[in-house]
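What the coordinates show
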Amino acid sequence: MREVVVTGMGAVTPFGFGVDVLWKALLSGENAIRYLDSRIYQGDIVKIGAPLPELDFRHSFIHEDYFEMVKNEDNNLRLFFLAVLEAIGKSGIDPRNLNDTGRIGVFIADRYNSPIQYLDDFAPLLLKAKDDKNQINEKVFFSLLGNYNQLKHYRNYNTSESINHFVSRFYNIEGPQLSIGTACASSNTAIGEAVHKIINNKLDMAIVGGAYNLDLSAMIGFSRIEALTTNPDPDTACRPFDLNRNGFVMGAGCGILVLESLESAKNRKCDILAKVLGFGSYTDAYRSTDPDPTATAATMSIQSALKMAKVDISEIDYINAHGTSTKMNDYTETIAIKNVFGEYAKKIPVSSTKSMIGHSIMAAAAIEAIICIKSIQDNVIHPTRNYKQMDLNMDLDYVPNELREAKVRKALSNSFGFGGINTSVVFSSVS
């Protein structure tokens, strides 16, 4: 069976551009969640989130044709594509110089095929439509929405191309594309699909990951089903596994990995960052808005990933948790970990990246995969921010508030999608 390795990583997150910027901020326990300022719409959405910052495009690996290609694209694609450029640059390959581009796949989860426009597009119109009672006047809003002169610079997301197609067009990649839609598990699913295709010799390489930016519709929807936190303080709102957690905080970002066969990487004599040993995915078949309290499918996903990886439970040195900060998710994830690892579960460090950057939905799993790999490379585990008070039903080692130096040879990354899709991936060191 062919082995799968990671040769490139790239990230754009609320902390800024680049994997190193993200990693340094996480180890320092910094918080990227903040007030959303003019994006506040009272009564409909929470006032906090983890949006993308303004980014500096001056980087040595950003070639001139990038600016030419993206000059007419929306800002989200311009920002997300920076993560692709970083990952491709790290991998040491330019797909345009390959003769057999049909052996490269592009599997990036995004929202570009959705009719939903991003919050940035709607915000100015909603602000203009507010009346003297600070409420949205629907007639005014729809009048503005239908005015072409007012909206001529906004894009139609029904016809906008996906990131997958843009990447393929930019690099002239003729292999398969797949836009994954498994909610919060999407970019883990993308990793899994690519792994299986590389193992089965359908591909030699794949550009995988996920991208997501804050959008108004999702924020309203999640808030109305009471999935988002009601804590208005950005400093303390996101508190995974803590007794006082009461919902997640939405974030934005893009995480990209370059996966390829070990044979391909050795032939190219490139740096190998980590191995991908196993992937598992099972579905709750329970309720669309709640995880199964028995954690049956989540348990099976972890077990499946470990079985494919041929890894004993005692070999897992770190778990990057889905860790959303909702009552049920954190509880059921803890149950799943204990179901699989038994008493050893209490010896495994478990931390939540979302405690500092919020939940970037379709991008979350890819970003957290990158974090697992950085933990393996540096033998450091980032903390779970805001863990203050123990929930008596949850007694694992959640690495509270301070980083921890530890030997990390193999790491497990969990991502459980809204609607019941559970995924787990096992990463390992190269040696």
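Up top is the structure.
Here goes a summary of the coordinates provided. (Residues numbered from 1 in each chain as written. Predicted model: local features only at pLDDT ≥ 70, side-chain atom pairs only at ≥ 80, totals over all residues. Heavy atoms only, no water.)

1. Notes on the nonpolar core
Counting 64 residues, the largest nonpolar core has Ile 191, Met 250, Leu 257, Leu 259, Val 276 and Phe 427 as the members making the most contacts within it. When residues of this core are assigned to their parent elements, the largest contribution, 8 residues, is made by helix H14 (residues 364-378). Filtering out sequence-adjacent residues up to four positions away, Val 276 remains in contact with Val 4, Val 5, Val 6, Ile 191, Val 195, Leu 259, Val 425, Val 426 and Phe 427. Listed in part, the 32 residues of the second largest apolar core include Phe 81, Ile 93, Val 106 and Ile 163. (Core = buried A, V, L, I, M, F, W, Y, C linked by side-chain atoms within 4.5 Å. Buried < 20%, exposed > 50% of the residue type's maximum accessible area, 1.4 Å probe, protein only. Helix = DSSP H or I, 4+ residues; strand = E, 2+ residues; numbered from the N terminus. Contact = heavy atoms within 4.5 Å.)

2. Things to note about the packing of helix H3 (residues 75-91) against helix H7 (residues 163-171)
For any two helices packed against each other, the geometry is given by the interaxial angle and the distance between the axes. Packing of H3 against H7 leaves a shortest axis separation of 11 Å and a crossing angle of 55°. Taken together, the axis directions place H3 and H7 in an arrangement best described as oblique. Viewed along their axes, H3 and H7 form a crossing whose handedness is right-handed. Only Ile 163, Phe 166, Val 167, Phe 170 and Tyr 171 of H7 make contact with H3, whose side of the interface consists of Leu 77, Phe 80, Phe 81, Val 84, Leu 85 and Ile 88. Split by residue class, the contact of H3 with H7 holds 11 nonpolar, no polar and no charged. (Axes fitted to C-alpha atoms, helices over the stretch in contact; angles between N-to-C directions. Parallel < 35°, antiparallel > 145°, perpendicular 65-115°, else oblique. Left-handed = near helix turned anticlockwise from the far one by under 90°. Nonpolar A, V, L, I, M, F, W, Y, C, P; charged D, E, K, R; others polar.)

3. Description of the pattern of salt bridges
On inspection of all chains with the given rule, the structure shows 18 salt bridges. Among the charged side chains, a salt-bridge network with shared partners connects Arg 2, Arg 103, Asp 204 and Glu 263. (Salt bridge = Lys/Arg side-chain N within 4 Å of Asp/Glu carboxyl O.)

4. Considerations on helix H8 (residues 186-199)
The end-to-end C-alpha distance of H8, which contains 14 residues, comes to 20 Å, matching closely the 20 Å that a straight helix rising 1.5 Å per residue would cover. Here H8 lies mainly inside the structure; 11 of its 14 residues are buried. Where H8 is concerned, the buried positions are Ser 186, Ser 187, Asn 188, Thr 189, Ala 190, Ile 191, Gly 192, Ala 194, Val 195, Ile 198 and Ile 199. Following H8 by one or two positions, Asn 201 has its phi on the positive side, about 60°. (Expected span 1.5 Å × (residues − 1).)

5. So, the pairing of strand S6 (residues 205-212)
When you tally the buried positions in S6, you get 8 out of 8 residues, the bulk of the element. Along S6, one buried face is formed by Met 205, Ile 207, Gly 209 and Ala 211 and the opposite face, lined by Ala 206, Val 208, Gly 210 and Tyr 212, is buried too. In the sheet, strand S5 (residues 104-109) pairs with S6 via 6 bridges, with the strands oriented parallel. If you follow Ile 104 over to S6, its bridge partner there is Met 205. Taken together, the 8 bridges between S6 and strand S7 (residues 253-261) define a ladder with antiparallel strand orientation. (Pairing = 2+ DSSP bridges.)

6. Some points on the pairing of S7
Of all the 9 residues making up S7, 9 are buried; the element is thus mostly covered by neighbouring parts of the structure. Across 8 bridges, strand S1 (residues 4-13) lies against S7 in antiparallel orientation. From the neighbouring strand, Gly 8 faces S7, where its bridge partner is Val 258.

7. Regarding the packing of aromatic side chains
Scanning all chains against the criterion turns up 9 aromatic pairs. Between Phe 222 and Phe 418 the ring centres are 5.3 Å apart and the planes differ by 90°, which places this aromatic pair in the edge-to-face class. Placement of the pair is Phe 222 in helix H9 (residues 216-224) and Phe 418 in the loop between strand S13 (410-417) and strand S14 (421-428), with a sequence separation of 196 residues. Judged by relative accessible area, Phe 222 falls into the buried class, the value being 13%. Judged by relative accessible area, which is 33%, Phe 418 ranks as partly exposed. Measuring from centroid to centroid gives 4.3 Å for Phe 241 and Tyr 398, while their planes differ by 15°, and the two rings are stacked. (Phe/Tyr/Trp six-rings, centres within 6.5 Å; stacked < 30°, edge-to-face > 60°.)

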